[in-house]
Each structure stands twice: as C-alpha cells, then as structure tokens.
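# Tertiary structure, described
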Amino acid sequence: MRIALYTVRVTPTAPAPSIVERLSAPHRGPVPFSVEFMPPRDAEGEARLWRAVRIFERLSPAFVSMTYGAGGSTRDRTVRITGELAAQTTLLPVAHLTAVNHSIAELRALVGAYADQGIANILALRGDPPGDPLGEWIAHPEGVEYAEELVHLIDTLGDFHVGVASFPEGHHRAPDLEHDTRNLVNKLRAGAEYSITQMFFDVEDYLRLRDRVQAADPEQGAKPIIPGIMPVTSLASIKRMAELSGSVIPPTVIERFTKAAGDGPEEDRASVRAVGIDFATETAERLIAEGAPCLHFCSLNFAKATSEVLGRLGVDVDAALHVPA
C-alpha cells in the first residue's frame, strides 16, 4: 500500500463527529462504551475481526479504535482496516498513530491517508520500542520525541479530533506520578480532547489519576479520561500483557485468578474466564458509580466476553449475539 507524502493541511473527506460529542449522545445501558480492535495477522484473523465488528455494530458503541503494531509493523493493515470500518460500517473509528520509527514526513503521510478515508479521530501515542516494549525508547532522527509533539503535529495538518493515552499507575518510564501527571496535562494542553487509559486492575488507581489531573489543571481535568478494561479469559495471557505494559496486577486480584486456574498442568480456562467476567463487571459497576464517562473494552477481536459484561450492566445484547454475523 503506497501512501503519498502530504506537506499541506488536509481535511477528512467526510468529517466525523468527535469522541467527546459521541460520549454525550444517547447510548444503550448506564454509560457509553467503546471497543478496541487489533489489526489481524492473516486472513483467518481478519475474518474473526469482522465477525466481532458486526456483533459490536449491533450494540452501538460510542466508538471503536484500531491499534497500531510496535514500530509501525502493521501500519498499512491498520490504515486499510480503519478505513474499511469507516466506509463499510456505522461505527465511528479512532485510528491509533504512534511516533515509533517514523519520520515527520511519514507521520504526515499517515494522517493524510486517514483523512482520505474520512477518518477525523486519531489517538496520538508515542508508542513502545519494537521487540522489547520496556526497552530503551529512541526517537527517529527525523521524527518526534514525545506524544505531546505528535498532538501538535496532527493539529497543524487539518481538522482532526485527537486523543491520547493515560496511565492510572503512572507510565513505566515516568520517574514518579507527579511527572506522569504533568506529561498527561501537557498532552491535553497541546490540544488532546480526551484520554484513554492503559488497562488497569484497581479502580482506585483510575480515581487517583483523575484527581491528580483535576488538581494540576482544572480545565484539562474536565476532559474525559476513559478507563480501559479487559475481560480476562486467560491467566497466562494477562500476566504476559501486564509484564509487557509495565502494569501491576494487585496480589488480591492475582490470587483470585490463580485459584480459578487450579493446580493442573494447564490452567482451567473456563474457571478463569468466569472469574474474569465477574471481575470486569465489578470493575465496570464501580467505574459507573464513580462517574466514568465511558468504558473502553480491549476485545482482542472477540465479542463474546465483552458482550457478557455489557449484558450484566443492563445492555440488551441478546439480539446482537444471536443474529448470524
């Protein structure tokens, strides 16, 4: 897929509503929800993705997002599928864009490619190094160093709505929570309209993040901080994901999942999944009670676990789950 270089401002061909606008629109259930997808690796994975897409489309999420491989490894696939979501569904897609291994010229080209497909919502991320997400981060010699700069760059290129990442436990590269909070506030001041958090396991971490941003800058603290949730279906997988992201699973939580996994050579996936659905529901209920503006589910390109959680929260999911995708 060839992407032309853009050196002037570009405007999405069919400007879409912003995420903030979508969060204030009518929604099913007690709070809006959104879904994160990943670019599939092969044709089988792509078919699975589209089955999940069609199920979620019937549930009317506020928006969906498409992640971006480490180092831009899935760049062309991300651009293509995000464009197809915009053109072939009623969903509002958010395109992830990372600074890793990209020059400013390449970043401009990618933003232009999204604009050509009518995509106006972009999640600006610095991103993790390819190979070792916890390794040393080295900026492209002709790129940008921080997500704040990426937000500024996107703003110069056209009429886009930009979101950023936030970290309830603090980013693993930040020396302390104060520094991490300052970085988030700076991204919001640069023009980001909202943030989506990294997956977390303790609602208190999310609430304290919200408090810190509000205390640091009440104007920026008024912008939505959308909590990221993953319904856990595998203990081994969630341990690995937490390790790669630098997040911490609280001892009481890991004990709960470990007990469900059992002592056999293979974890009891059915029991782990049952506990995962319970835990995600409990987390979501607490977040709703605390006024979270939206619930952002990491789906891993499957619909069933997230749909079960939504059903427990009062969303009518039966029709979506039982109509052939």
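Summary of the structure given here.

Rules of the game
Counting from 1, residues in each chain are numbered in the order their sequence is written. Local features in a predicted model are, by the rule used here, given only for residues with pLDDT of at least 70; side-chain atom pairs are given and counted only at 80 or more, and totals for whole chains, interfaces and linings are based on all residues. With hydrogens and water stripped out, all remaining heavy atoms of the structure feed into the side-chain values. Salt bridges are counted wherever a side-chain nitrogen of Lys or Arg sits within 4 Å of a carboxyl oxygen of Asp or Glu. Comment: elements are numbered from the N terminus, with helices defined as DSSP H or I runs of at least four residues and strands as E runs of at least two. Note on classification: 1.4 Å probe, protein chains only; a residue is buried when its accessible area is under 20% of the maximum for its type, exposed when over 50%, partly exposed between these limits. When checking whether two residues touch, look at their non-hydrogen atoms; a contact exists if any pair is within 4.5 Å. Here a crossover is taken to be right-handed if, once the strands point away from the viewer, the path from the first strand over the helix to the second is traced clockwise. Strands are treated as partners if at least two bridges between them are detected by DSSP. Only the stretch in contact is used when a helix axis is fitted, and all axes are lines through C-alpha atoms; the angle between N-to-C directions ranges over 0 to 180 degrees. Handedness of a crossing follows from how the near helix is turned relative to the far one, being left-handed for an anticlockwise turn of less than a right angle and right-handed for a clockwise one. When residues are sorted by character, Ala, Val, Leu, Ile, Met, Phe, Trp, Tyr, Cys and Pro go into the nonpolar class, Asp, Glu, Lys and Arg into the charged class, and all the rest, Gly among them, into the polar class. Here is the rule: rings of Phe, Tyr and Trp (six-membered ring for Trp) pair when centre to centre is within 6.5 Å. Planes less than 30 degrees apart are stacked, more than 60 are edge-to-face, and the remainder are tilted.

## What about the pattern of salt bridges?
Should the charged atoms of two oppositely charged side chains come close, the side chains can pair. Inspection of the entire model under this criterion finds 12 salt bridges. Residue Arg189 is joined to Asp217 by a salt bridge in which the shortest nitrogen-to-oxygen separation is 2.8 Å. Placement of the pair is Arg189 in helix 6 (residues 177–189) and Asp217 in the loop between helix 7 (203–216) and helix 8 (218–221), with a sequence separation of 28 residues. Residue classification places Asp217 among the buried positions, given a relative accessible area of 11%.

## A closer look at the side chain of Thr306
Among the secondary structure elements, Thr306 is positioned in helix 12 (residues 304–312). Thr306 gets classed as buried once you look at its relative accessible area, which sits at 1%. The residues contacting Thr306, other than those within four sequence positions of it, are Phe56, Pro231, Phe297 and Ser299.

## Re the pairing of strand 4 (residues 121–125)
Counted residue by residue, strand 4 has 5 buried out of 5 residues, so it is predominantly covered. Neither face of strand 4 is exposed, since Asn121, Leu123 and Leu125 on one face and Ile122 and Ala124 on the opposite face are all buried. Regarding topology, helix 4 (residues 104–116) serves as the crossover connection from strand 3 (residues 93–98) to the parallel strand 4, and that connection is right-handed. By the bridge criterion, 4 bridges tie strand 4 to strand 5 (residues 161–166) in an arrangement that is parallel. Each residue of the ladder has a partner; that of Leu123, found in strand 5, is Gly163.

## Some details on the environment of Asp128
For Asp128, the position within the fold is in the loop between strand 4 and helix 5 (147–157). When its relative accessible area of 32% is taken as the criterion, Asp128 is described as partly exposed. Measuring from C-alpha to C-alpha, the distance between Asp128 and Leu244 comes to 9.8 Å, with 116 residues separating the pair along the chain.

## Remarks on the packing of helix 2 (residues 43–59) against helix 3 (residues 75–88)
Between helix 2 and helix 3, the shortest axis-to-axis distance is 13 Å and the interhelical angle comes to 35 degrees. The two elements helix 2 and helix 3 cross, and the hand of that crossing is right-handed. Of the residues in helix 3, those in contact with Glu46, Leu49, Trp50, Val53 and Arg54 of helix 2 are Arg80, Ile81, Glu84, Leu85 and Gln88. By residue class, the composition of the contact of helix 2 with helix 3 is 5 nonpolar, 1 polar and 4 charged.

## Thoughts on the packing of aromatic side chains
As enumerated under the stated definition, the model contains 4 aromatic pairs in all. Each ring, one from Phe37 and one from Phe56, has its centre 6.0 Å from the other, and the planes form 55 degrees; the classification is tilted. Of this pair, Phe37 sits in strand 1 (residues 33–37) while Phe56 sits in helix 2, and the two are 19 residues apart along the sequence. Across the pair, Phe56 and Phe37 agree in class, each one buried. Between Phe200 and Tyr206 the ring centres are 5.9 Å apart and the planes differ by 10 degrees, which places this aromatic pair in the stacked class. Judged by its relative accessible area of 4%, Phe200 is buried. For Tyr206, a relative accessible area of 0% puts it in the buried group. A connected cluster of aromatic rings, assembled from ring pairs, spans Phe201, Phe257 and Phe279.

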